[in-house]
Amino acid sequence: MDTQLADWIKDTRHGKEAEAILRKCVHCGFCTATCPTYQILGDELDSPRGRIYLIKQVLEGQTVTRKTQVHLDRCLTCRNCETTCPSGVQYGKLIDIGRKVVEERVERPAGEKMMRQGLKGLMSNKPLFNAGMAAGKMVRGLLPEALQKKVPAKRPMPRTPAGSHSRQVIMLNGCVQPGMMPSIDVATSVLLDAAGIQTRVLAESGCCGAVKYHLNDHDGGLAQMKANIDAWWPMVEAGHAEALVMNASGCGVTVKEYDHLLAHEPAYAEKAKRISAITMDIAEFLAQELHNNTALRDKLAPQVKQAIDRGLIPGKIAFHPPCTLQHGMKVKGVVENVLTGLGFNLTPVADSHLCCGSAGTYSVLQPEISNELKKRKLDNLMAGQPQAIASCNIGCLTHLESGASVDVRHWVEWVAQAIQ
Ligand code: SF4
Ligand code: SF4
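Residues numbered from 1 in each chain as written. Chains lettered and ligands numbered in written order. Predicted model: local features only at pLDDT ≥ 70, side-chain atom pairs only at ≥ 80, totals over all residues. Heavy atoms only, no water.

### Here we look at empty space enclosed by the protein
Under the definition given, this model contains 2 cavities of 30 Å³ or more. Taken as a whole, the largest cavity spans an internal volume of roughly 130 Å³. As for the largest cavity, its lining consists of 17 residues, of which Cys25, Cys31, Ile52, Cys85 and Val89 are closest to the centre. Listed by contribution, the elements that provide at least two residues to the lining of the largest cavity are α4 (48–59) and α6 (80–84). At the level of elements, α3 (36–41), α4 and α6 are the ones that each hand at least two residues to the lining of the second largest cavity. (1 Å grid on protein atoms, 1.4 Å probe; cavity = no way out; pocket = protein on both sides within 12 Å on 5 of 7 lines; lining within 4 Å. Points joined across faces, edges and corners; volume = space filled by probe spheres on them. Helix = DSSP H or I, 4+ residues; strand = E, 2+ residues; numbered from the N terminus.)

### A few points about a nonpolar patch on the surface
On the surface, Met138, Val139 and Leu142 cluster together to form a nonpolar patch covering roughly 370 Å² of accessible area. By the element assignment, leucine 142 lies in the loop between α9 (126–138) and α10 (145–148). Residue classification places leucine 142 among the exposed residues on the basis of a relative accessible area of 74%. (Patch = residues over 30% accessible without salt bridge, like charges linked within 9 Å, V, L, I, M, F, W, Y side chains within 5 Å. Areas by Shrake-Rupley, 256 points an atom, 1.4 Å probe, with all protein chains shown as cover. Salt bridge = Lys/Arg side-chain N within 4 Å of Asp/Glu carboxyl O. Buried < 20%, exposed > 50% of the residue type's maximum accessible area, 1.4 Å probe, protein only.)

### Description of the sheet that holds strand β8 (residues 407–410)
With parallel pairing, the 4 strands of this open sheet are ordered in space as β6-β5-β7-β8. Pairing within the sheet leaves two strands with one partner each, and these edge strands are β6 (345–346) and β8. Across 4 bridges, strand β7 (residues 388–391) lies against β8 in parallel orientation. Counterpart to alanine 388 in the pairing with β8 is aspartate 407. Most of the contacts of helix α21 (residues 334–342) go to strand β5 (residues 316–319), to which it runs at about 175°, and overall it touches β5 and β6. (Pairing = 2+ DSSP bridges. Contact = heavy atoms within 4.5 Å. Axes fitted to C-alpha atoms, helices over the stretch in contact; angles between N-to-C directions.)

### Regarding the site of ligand 2
Near ligand 2 lie 13 residues; those nearest to it are Cys35, Arg51, Cys75, Cys78 and Cys81. Most atoms of ligand 2, that is more than half of them, are within 2 Å of grid points of the second largest cavity. Of the residues assigned to the shell around ligand 2, the class counts are 8 nonpolar, 3 polar and 2 charged. (Near = heavy atom within 4 Å. Sits in = over half its atoms within 2 Å of the grid points. Nonpolar A, V, L, I, M, F, W, Y, C, P; charged D, E, K, R; others polar.)

Take a look at the structure:
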């Protein structure tokens, strides 16, 4: 695609990056077929190709309107279009740039501004979020339905492993997951403990930065990323951390891209590169351990089988691969292989490449599209009549749980339950 970027952007970091991405797009439209918002709304401007064209117009200096902002807001940033695109267009990076430029030029309605500020403040403030979530869980049954859906039901809590190991990995301190579903972090450390690995959560680290960054507060998001690197670096530099193990793919994809996001910061670029290189989803890490350590496989698989046979955990499950895992981190089939290798029976799920509608803060900001996608996703997940649904991202888990008729869990929770 030919581009004539405006003088005010063409020589900037974002201008050069956007131009390189735009030039790769040949406007073929293959991506529209797999775009969830295009499937629902049927408007070219709510497709990747349409949005790419809108961003091109903005960066070429044409007048930006609220209409452009609305079409960009409706994008889930699921990056399904990246997986489909035969030309390697890095749509995710382009939409981040486009949204930021539009945000600086179009005034949002006051209500929207307040909502976005509130989400950024609440989700990035762990003590405040945790206090609100704890209070919400106590009175969950009394909450209005819309609010109740945002508060996950209580679930079995594994015991924190007491063992200590010389092999160590770092786990994200996180912003919302420990308050919403604390069992996921504990279950992850149970699995790693079984593999002879110590999990370290460093108190000085926190939110990965995705919430602020994707709500167009790039500076706020980058500050959180740098704070995390400062917290992790001494362990990483000393070679004491084998990996940064992620159990929420929404955070995983962000940390995996710290190298790109901080490439322009001389004090952080090299550190970010190293951090991103050792970042792995827990399924990738466990798959590697199971491959290298047959004793671990011989220990875990019978424990899982016994727990399934005794009815302690479900054996027949439907797996939802989050977009951040399959389209963002490009991790495909790994969780599925780990689960079937451990003895779970996975039911077939149609359209597993499509987003469930959670997409970070999207379910709050675009509830209608989000709910329609949830309904479609749950219909597909339930078609094989599973006993339960598994996934691996806090947003997807909470979103699906709010409409599901069966249990929805991070898969590590069941494996930890089987081990203990
Ligand atoms: S598939 Fe790729 S090249 Fe084709 S229109 Fe979409 S983004 Fe552009
Ligand atoms: S990121 Fe997802 S919603 Fe956005 S344009 Fe691409 S496929 Fe469509």
